[in-house]
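Structure at a glance
The lines below spell out each chain.
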Amino acid sequence: MAFGTIRNVRKVFSAGELISRSREPVVALDDASFDFEQGQLVALLGPSGCGKTTLLRIVAGLISKTSGSVNIGGREVTEPLGDYGFVFQSPSLMPWRSVVDNVLFPMEILKNNNKAARARANELLGLVGLSNFAHARPHQLSGGMQQRVALCRALIHQPKLLLMDEPFGALDELTRLEMNDLLLRIRRETGASVLFVTHSISEAIYLSDKVIVFSRRPARVAREIQIDLPYPRSQRTRFTAAFTEAERIASEALGVLPPGSEAETETGAAS
Amino acid sequence: MINPMVARLITRIGYPLFGLVVILGAWVLACWLGNLPTVVLPTPDKVFHAFIARFDLLMSEGWVTVKETLYGFLLAIVIGIPLAVAIANSRPLNLMFYPLLIALQSVPKVALAPIILVWLGTGMESKLAIVWLVAFFPIIVDTVAGLRSTPRELLELADSLRASPMQVFLKVQFPAALPFVITGAKVAITLAVIGAVIGEFVGASEGLGFLLLSATSQLDTPLAFAALFALSFLGIAAYLLVELAEKLAEPWLPPSSQRH
Ligand SMILES: Nc1ncnc2c1ncn2[C@@H]1O[C@H](COP(=O)(O)OP(=O)(O)O)[C@@H](O)[C@H]1O
Ligand SMILES: [Mg+2]
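As a further point, take the site of ligand 1. All names here are of chain A. The immediate surroundings of ligand 1 are formed by 14 residues, with G49, K52, T53, T54 and R217 found nearest. Separating an oxygen atom of ligand 1 from a backbone N or O atom of C50 is a distance of 3.2 Å. Within the side chain of T54, a nitrogen or oxygen atom sits 2.6 Å from an oxygen atom of ligand 1. Isolated, ligand 1 exposes 560 Å² of accessible area, and the fraction of that covered by the protein chains is 79%. Counting only elements with at least two residues in the shell around ligand 1, the list comes to β2 (26–36) and α1 (52–59). The element best represented in the shell around ligand 1 is α1, accounting for three residues.

Right, here's the structure in full:
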């Protein structure tokens, strides 16, 4: 069995969980199924509002699913397992803590805040180029730097799985490209498995081993695209024929590009 | 060229001082031009004289009002914050009481003072109850607002690490709410002084409010004004106390530009 299996996951928000005023149940996720292996980075690509965040929350065990199953590392997920790393779209740092204390937050919660943890926090901050800012306050840092701190916080407890929810979506294009390369480097050094939500086609392809394309809400898996681009990748990879071909397939699956002459039939979404 | 330090000193202290002089001048002028008797409006020097001559009396009565204010305020904190935590964390409690609290916030609670006096008598207890009542609302309402404004991401992060409810409260919710709690406390301390004085007006045998009433009834207007100034100092000192607490909490607070 694969390291992670997500099978026919469906989520209907009903009374009690609804944030909106309407009493109507909301089908946030219709039917999501895919697998991934340990150490893989899987990009979840889909239009905004299609249910990607909902899926991540379910995989993390933060909210219940209506039906289906999620299995990570041989364990069925029904509640938080305590060994995930989370990176959100906004850095979500604690303004009252210094940078290094933000990074150490998970270790405090896990009651593991020892010398080794401090050393690892400093090591991670070095890895993302923020050694000199360990004792700064978050508000003194730029958005990109804050997001790098959030990345360190997500990695400090050496989680089995990293869940990233459009982590670079709020950054400017240049910073975003830098962060993409940083993430590739960190993956190489930590071997973490990553589920990476994005609505950027090229970001999804550049970072991942596999792209899962979702349809509009309620989300179903429209297409699974294997990305066989060689590692190590660099910005040059974006200008190869294989990259462009992957972009074309993803665009068609998203429905932003009408199928061309050599288009394959879509799986799933058309049913 | 004036050096910037001096320039800052002039704007910070010089201008307010000048404003004070203008007001004192207007006061003196009003006494002279209106030819007002001391009973109606004493001149500043008479008030100052009364303040010095009756200093011991002002201090002892002031101490009573200080105790009523601070104890009532502390009571509001000690009861308000745990209740706020309960309301913020329980959906039923929230639905039951939060709208009620918001609605009651704009009701003039001091109007209850006569009734509270009937219940609790003219001693310290009734003053504590009135001060508590006026100080309680801003504290609980702001604390609930602060607790509820904790970013969802931080709560999810804590949840994903299987944080205990106590950890979530101590490490996430409370620090996130602290700026709100302090804002509420600043409003509450100002109201607390007002509550104590109103309580003393309605029925008391000691305190600055009582002194003010009895001085006016004896037509000792300079003493009444002196009591008024003592009350003002008390109010300012109480507010500064909360500001001091804020300064002490500074390391845990977000930069003031991001505060609410
Ligand atoms: N608690 C909730 N109650 C009602 N609707 C919700 C709730 N959470 C999410 N939704 C809805 O579910 C859909 C999917 O949301 P989300 O997973 O955040 O999408 P995405 O992350 O892909 O943009 C959206 O239409 C959203 O409004
Ligand atoms: Mg989302």
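And the narrative resumes.
Here the focus is the domain arrangement of chain A. How big an interface is tends to be expressed through the accessible area that disappears when the partners come together. Residue and element names in this part refer to chain A. Here the domain parsing of chain A yields domain 1 (4–69 + 161–169 + 176–270) and domain 2 (84–158). If you average the C-alpha positions of domain 1 and of domain 2, the two centres end up 26 Å apart. On the domain 2 side, the residues contacting the 18 residues of domain 1 number 14 residues. Carbon and sulfur atoms supply 70% of the area buried between domain 1 and domain 2, which totals about 1500 Å² over both sides. At the boundary of domain 1 and domain 2, one finds zero salt bridges. At the surface where domain 1 touches domain 2, the tally comes to eight residue pairs in polar contact (both at pLDDT 80 or more). Of all the secondary-structure elements, those providing two or more residues to the side of domain 1 that touches domain 2 are β7 (161–165) and α5 (173–190). Per element, the largest residue contribution to the side of domain 1 that touches domain 2 is six residues, and it comes from α5. Partitioning the side of domain 1 that touches domain 2 into residue classes produces 13 nonpolar, one polar and four charged.

So, on to a nonpolar patch on the surface. Residues and elements named next belong to chain B. Taken together, I2, M5, V6, I10 and Y15 make up a surface patch of nonpolar side chains, about 530 Å² in accessible area. Mapped onto the elements of the fold, M5 is located in helix α1 (residues 4–33). Judged by its relative accessible area of 58%, M5 falls in the exposed class.

Residues and elements named next belong to chain A. For E166, the location among the structural elements is in the loop between β7 and α5. Within the structure, the side chain of E166 is placed 3.5 Å from the side chain of H199, a separation counted as a polar contact. Among all residues touching E166, those that are not within four sequence positions of it are K52, Q89, V197, T198 and H199.

Attention now goes to the interface of chain A and chain B. Listed per partner, the contact involves 25 residues of chain A and 23 residues of chain B. Across the chain A/chain B interface, buried area totals approximately 2300 Å², and carbon plus sulfur atoms make up 64% of it. It is A:F88, A:W96 and A:I109 in chain A that bury the most area against chain B; as a group they hold 28% of the surface buried on that side. Between the two partners, chain A and chain B, sit three salt bridges. In this structure, the salt-bridge partner of B:K171 is A:E108, at a minimum N-O distance of 2.8 Å. The tally of links between chain A and chain B comes to six residue pairs in polar contact (both at pLDDT 80 or more). At the level of secondary structure, the elements contributing two or more residues to the side of chain A that touches chain B comprise β6 (84–87) and α2 (99–109) of chain A.

Another point: the domain arrangement of chain B. Residues and elements named next belong to chain B. Assigned domains within chain B: domain 1 (1–35) and domain 2 (42–258). Placing a centre on the C-alpha atoms of domain 1 and another on those of domain 2 gives a separation of 31 Å. Across the contact, four residues belong to domain 1 and six residues belong to domain 2. Carbon and sulfur atoms supply 89% of the area that domain 1 and domain 2 bury against each other, a total of about 370 Å² over both sides. Among the residues domain 1 hides against domain 2, the three largest losses belong to W27, V28 and C31. Together they make up 89% of the total. At the boundary of domain 1 and domain 2, one finds zero salt bridges.

It is worth spelling out the packing of helix α7 (residues 152–160) of chain B against helix α8 (residues 165–202) of chain B at this point. Residues and elements named next belong to chain B. The interhelical angle for the contact between α7 and α8, taken along N-to-C directions, is 155°, at an axis separation of 10 Å. Between α7 and α8, the angle falls in the class roughly antiparallel. The element α7 and its partner α8 pack so that their crossing is right-handed. Along the contact surface, α7 presents L154, L155 and A158, while α8 presents V168, V172 and Q173.

What follows deals with the side chain of A:N71. All names here are of chain A. Relative to the helices and strands, N71 resides in strand β4 (residues 67–72). For N71, a relative accessible area of 11% corresponds to the buried category. At a separation of 3.2 Å, a polar atom in the side chain of N71 contacts the main-chain amide nitrogen of R75.

Definitions and limits used
Residues numbered from 1 in each chain as written. Chains lettered and ligands numbered in written order. Predicted model: local features only at pLDDT ≥ 70, side-chain atom pairs only at ≥ 80, totals over all residues. Heavy atoms only, no water. Near = heavy atom within 4 Å. Polar contact = N/O pair within 3.5 Å; in protein donor to acceptor, adjacent residues only side chain to side chain. Areas by Shrake-Rupley, 256 points an atom, 1.4 Å probe, with all protein chains shown as cover. Helix = DSSP H or I, 4+ residues; strand = E, 2+ residues; numbered from the N terminus. Domains from an automatic or database assignment. Contact = heavy atoms within 4.5 Å. Buried area = accessible area lost by both parts, 1.4 Å probe. Salt bridge = Lys/Arg side-chain N within 4 Å of Asp/Glu carboxyl O. Nonpolar A, V, L, I, M, F, W, Y, C, P; charged D, E, K, R; others polar. Patch = residues over 30% accessible without salt bridge, like charges linked within 9 Å, V, L, I, M, F, W, Y side chains within 5 Å. Buried < 20%, exposed > 50% of the residue type's maximum accessible area, 1.4 Å probe, protein only. Axes fitted to C-alpha atoms, helices over the stretch in contact; angles between N-to-C directions. Parallel < 35°, antiparallel > 145°, perpendicular 65-115°, else oblique. Left-handed = near helix turned anticlockwise from the far one by under 90°.

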